[in-house]
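So you can see what is in the structure, the chains are spelled out below.
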Amino acid sequence: MTQSPTLPEPFRSIWPRSRVAGLLLAIALLAGSLLRLQGVGEALLFGDELHSLRIVAGGYETVLTTFGDKGSGLALPLLQRLLFDLIGTGHWSIRAPAWVPSLLLLFAVWPLGRRIVGEPAAVVATALVAVNPILIFYARFGRIYSLVALLSLVLLYLLERTLTADSPSRGRSASLVCVTALLPWAHPTALGFVLPVYAAAVLAATIDPRREAGLRRRRALELLALLAAGGLLCLLAYWPSGSSLSAFVESRTSGLEYYGEFGPAHVAGLIFGGRWPALGVSGLALAAAAAWLRRRGVLGLPLLAACIGPAFAIALVRPYGDAYAFARYVLPCVAPLALLVGAGLADAVRALRRDPADAAATVLLGAGLALWLAIAGTLGSAGGAAAQHANTYLGLLPLPAFDARWPDAPSFYRELGERSEDQHGRVRILEVPALTTRARHLYRQYQLQHGAETWLAPLPGEFPIIPDGPYVSLDRRDWLAHASPDFVVVHLDVADETARYWRWIYEEAKPESERGDLAAYMQRHQRYGGLMPPAPRGLAQRLSALFGEPVFEDGTIAVWAVTETPERD
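Residues numbered from 1 in each chain as written. Predicted model: local features only at pLDDT ≥ 70, side-chain atom pairs only at ≥ 80, totals over all residues. Heavy atoms only, no water.

### Some remarks on the overall build of the protein chain
Broken down by element type, the protein chain carries 28 helices and five strands. Expected size for 569 residues packed as a compact globule is a radius of gyration near 25 Å; at 26 Å, the protein chain falls within 12% of this value. Each principal axis of the C-alpha distribution contributes one length, and for the protein chain these read about 85 × 50 × 50 Å. The buried share among the 569 residues of the protein chain stands at 56%. Taking the intrachain contacts of the protein chain between residues at least 6 apart in sequence as the baseline, contacts between residues at least 24 apart amount to 78%. Carbon and sulfur atoms provide 60% of the accessible area of the protein chain, an area that totals close to 24300 Å². Seen as two clouds, the 50 positive and the 47 negative side-chain charges of the protein chain have centres 12 Å apart. (Helix = DSSP H or I, 4+ residues; strand = E, 2+ residues; numbered from the N terminus. Rg over C-alpha atoms; globule rule 2.2 N^0.38 Å. Buried < 20%, exposed > 50% of the residue type's maximum accessible area, 1.4 Å probe, protein only. Contact = heavy atoms within 4.5 Å. Areas by Shrake-Rupley, 256 points an atom, 1.4 Å probe, with all protein chains shown as cover. Lys, Arg positive; Asp, Glu negative; His and termini not counted. Charge placed at Lys NZ, Arg CZ, Asp CG, Glu CD.)

In structure tokens form, the structure reads like this:
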């Protein structure tokens, strides 16, 4: 193995000993960080991101006593409320409960994972986590699933250390109780990770051949006591919101059928960025699991339970949801799967080279796998011509029909798109209304054509609160100075406009022989929301009084040019 003699002594214990491994780790951490931060401030809020804001708007009493009917949980609105009071209501604070723990997870895989699977495998796992598309997507999406994934890895690490330690540690036991309580409090779906991993750890402790019977029994009882203590703390934390939590659980487990013919392969495709990456990782994971059990015996059970537990829980409970929902529910298994695959590559290299000290081959194989997954998967979704709409589910899995150019789009957007590239950076349009459901794919279509910066003007009731950033209420006195648009676009009948666009998508743009795995997603997107907000009465007259007659009107939209735009920040 090639040593790295240049590292100062304090860093040698926290950095790979192999230069190749150190280089890949540095690249993975840098690339993974950039991918997670790209689009956090730029992409407009969408769909589920707005649910927690309805709770946040009610203040701390509402936050601590309300489990939202859309599954926002308690942790997310509480963290957002605290951040709003500390640093304001911009995208970075709204999404901080997503991007901060996602970065922490990325940086935690190496130090925690090497204690479980060894150095080369942990470096490979870091590279795989760095480019994983669903982890990247939920780093930029204002929900709590990144925090659940981070805490799940910490729980796995603590259980692994507890199983292999000669005697229990008070500090580790206290940490286990806290993490065990925090996970299902962050989101109830985390029970699908907590219970299987604990069950595997208790089983491993009970039949561990290295210990005598009395010690095995005592260690298993200690784990059960830690689980019970964590569960009790979690129940106490949920107590003020008990009725709303019960209503949510009942609504998700009442046997309702969801539209869209989804199966396990669809969920795996979302997690890994496509069916071929999913097949490749699944095959490697199966081979790695067999090798892992041969090497670790019963002590290898917790890692395997971490990889399959969430999926098994979904299959058992069968909650209301679709592939998009189930993919985020099994997010905690992604980092453990990466560790398992890394361990499998290390085992394969060890068997072929018969030189356990040589980490370079494992690392290079892992680098090649990560590169293939990055190319084959759906990475970089925050970029492109419609970057501000990258937080729609089309950013997680693009559907070609929605990228096709709608020929009946208002010519204003096409003409705006014909301006030079350097002009696009200076042109800002304000769209009225904002649209919060999949109907906003309409605005995504328009941005594909015009490429200009978009601001949204939510109508009363559209947004729970209007955050800082590319949003403004037209009832605000200084809305013009705040938004400083070049054009104000009012959609005169957005319900009809959206319906016409959707008809074109499904009758003309949709390929005749849609690939099987995309057909279900097209079926899911066919329902784009409920009632569309009508343009407020008198708005056209107000804008005409300010800016004169519209510069463009075609019965679909009316556009006013703002001739004297206040200077922008």
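There's plenty left to go through after this.
### Quick look at empty space enclosed by the protein
Counting across every chain of the model gives two cavities of 30 Å³ or more. In terms of lining residues, the largest cavity is bounded by Leu128, Val129, Val131, Asn132, Pro133, Phe272, Val281, Val334, Leu337, Ala338, Val341 and Leu373. Tallied by class, residues from the lining of the largest cavity come to eleven nonpolar, one polar and no charged. (1 Å grid on protein atoms, 1.4 Å probe; cavity = no way out; pocket = protein on both sides within 12 Å on 5 of 7 lines; lining within 4 Å. Points joined across faces, edges and corners; volume = space filled by probe spheres on them. Nonpolar A, V, L, I, M, F, W, Y, C, P; charged D, E, K, R; others polar.)

### A few points about the pairing of strand 2 (residues 453-456)
Strand direction decides the pairing type here: strand 1 (residues 428-432) and strand 2, joined by four bridges, are parallel. When the bridges of strand 2 are listed, glutamate 431 appears paired with leucine 456. Where the polypeptide runs from strand 1 across helix 24 (residues 441-450) and back to strand 2, its parallel neighbour, the crossover connection is right-handed. (Pairing = 2+ DSSP bridges. Right-handed = clockwise from strand over helix to strand, strands pointing away.)

### Some words on the packing of aromatic side chains
Applying the stated criterion across every chain yields a total of 28 aromatic pairs. Taking 6.3 Å as the distance between ring centres and 40° as the angle between the ring planes, the aromatic pair formed by phenylalanine 137 and tyrosine 393 counts as tilted. With phenylalanine 137 in helix 9 (residues 133-139) and tyrosine 393 in the loop between helix 20 (360-376) and helix 21 (400-403), this residue pair connects regions lying 256 residues apart in the sequence. Summarising the burial analysis for this pair, phenylalanine 137 and tyrosine 393 share the class buried. Between phenylalanine 412 and phenylalanine 487 the ring centres are 5.3 Å apart and the planes differ by 75°, which places this aromatic pair in the edge-to-face class. Residue phenylalanine 412 is located in helix 22 (residues 411-417), and its partner phenylalanine 487 is located in strand 3 (residues 487-491); the two are separated by 75 residues in the primary sequence. By the ring-pair criterion, three or more aromatic residues cluster together here, those being Phe402, Trp406, Phe412, Tyr413, Tyr446, Phe487, Tyr501, Trp502, Trp504, Tyr506, Tyr528 and Phe552. (Phe/Tyr/Trp six-rings, centres within 6.5 Å; stacked < 30°, edge-to-face > 60°.)

### Section: a nonpolar patch on the surface
Where nonpolar side chains cluster on the molecular surface, the patch consists of Tyr60, Leu64, Leu79 and Leu82 and spans about 310 Å² of accessible area. Among the secondary structure elements, leucine 79 is positioned in helix 5 (residues 75-87). (Patch = residues over 30% accessible without salt bridge, like charges linked within 9 Å, V, L, I, M, F, W, Y side chains within 5 Å. Salt bridge = Lys/Arg side-chain N within 4 Å of Asp/Glu carboxyl O.)

### So, unusual backbone geometry
The bulk of non-glycine residues show a negative phi, and the bulk of peptide bonds are trans. In this model, valine 432 is joined to proline 433 through a cis peptide bond whose omega is 5°. Inspection of the secondary structure puts proline 433 in the loop between strand 1 and helix 24. Although it is not a glycine, serine 484 sits at a positive phi angle of roughly 40°. Turning to its location among the elements, serine 484 is positioned in the loop between helix 25 (479-483) and strand 3.

### Focus on the nonpolar core
Buried together is how nonpolar side chains tend to be arranged in soluble globular proteins. Ranked by internal contacts, the top residues of the largest apolar core, which has 164 residues, are Val117, Leu155, Leu340, Phe402 and Phe412. The dominant element in this core, judged by the number of residues it contributes, is helix 10 (residues 145-164), at 13 residues. Sequence-distant contacts of leucine 155, that is, excluding residues within four places in its chain, are made with Leu176, Val179, Thr180, Leu183, Phe193, Val194 and Tyr198. In this structure, Leu430, Val472, Leu480 and Phe547 belong to the second largest nonpolar core, which totals 18 residues. (Core = buried A, V, L, I, M, F, W, Y, C linked by side-chain atoms within 4.5 Å.)

### Re helix 28 (residues 539-547)
Every buried residue belonging to helix 28 is among Leu539, Leu543 and Phe547, and all of these are buried. All buried residues of helix 28 fall inside an arc of 45° around its axis, so they share one side. Exposed side chains of helix 28 directed beyond 90 degrees from the buried face belong to Gln541 and Ala545. Buried residues belonging to helix 28 abut strand 1, helix 25, strand 3 and strand 5 (557-561). (Arc of directions from axis to C-beta.)

### Describing the environment of proline 410
Mapped onto the elements of the fold, proline 410 is located in the loop between helix 21 and helix 22. Overall, proline 410 belongs to the buried group, its relative accessible area being 2%. Put simply, proline 410 and alanine 228 are 182 residues apart on the chain and 61 Å apart in space, counted from C-alpha to C-alpha. Among all residues touching proline 410, those that are not within four sequence positions of it are Tyr446, Phe552, Asp554, Thr556 and Ile557.

### Notes on the pattern of salt bridges
If you walk through the whole model with that rule in mind, you get 16 salt bridges. Here arginine 17 makes a salt bridge to glutamate 119, at a shortest N to O gap of 3.6 Å. One end of the pair, arginine 17, is in the loop between helix 1 (9-12) and helix 2 (19-37); the other, glutamate 119, is in helix 8 (residues 119-130), and 102 residues separate them in sequence. By relative accessible area, glutamate 119 is classed as buried at 17%. Residue aspartate 347 pairs with arginine 350 through a salt bridge whose shortest N-O separation is 2.6 Å. Highlighted residues: aspartate 347 and arginine 350, both in helix 19 (residues 334-353), separated by three residues, approximately one helical turn. One network of salt bridges, in which partners are shared, links Arg17, Arg114 and Glu119.

### Observations regarding the packing of helix 7 (residues 96-117) against helix 10
It is the contact of helix 7 with helix 10, at a shortest axis distance of 8 Å, that shows an interaxial angle of 20°. One finds that helix 7 runs roughly parallel with respect to helix 10. Seen along the crossing, helix 7 lies across helix 10 with a hand that is left-handed. Listed contacts from helix 10 to Pro97, Ala98, Pro101, Ser102, Leu104, Leu105, Ala108, Val109, Leu112, Arg115 and Ile116 of helix 7 are Ser146, Leu147, Ala149, Leu150, Leu153, Val154, Leu156, Tyr157, Glu160 and Arg161. In the contact of helix 7 with helix 10, the residues fall into 16 nonpolar, two polar and three charged. (Axes fitted to C-alpha atoms, helices over the stretch in contact; angles between N-to-C directions. Parallel < 35°, antiparallel > 145°, perpendicular 65-115°, else oblique. Left-handed = near helix turned anticlockwise from the far one by under 90°.)

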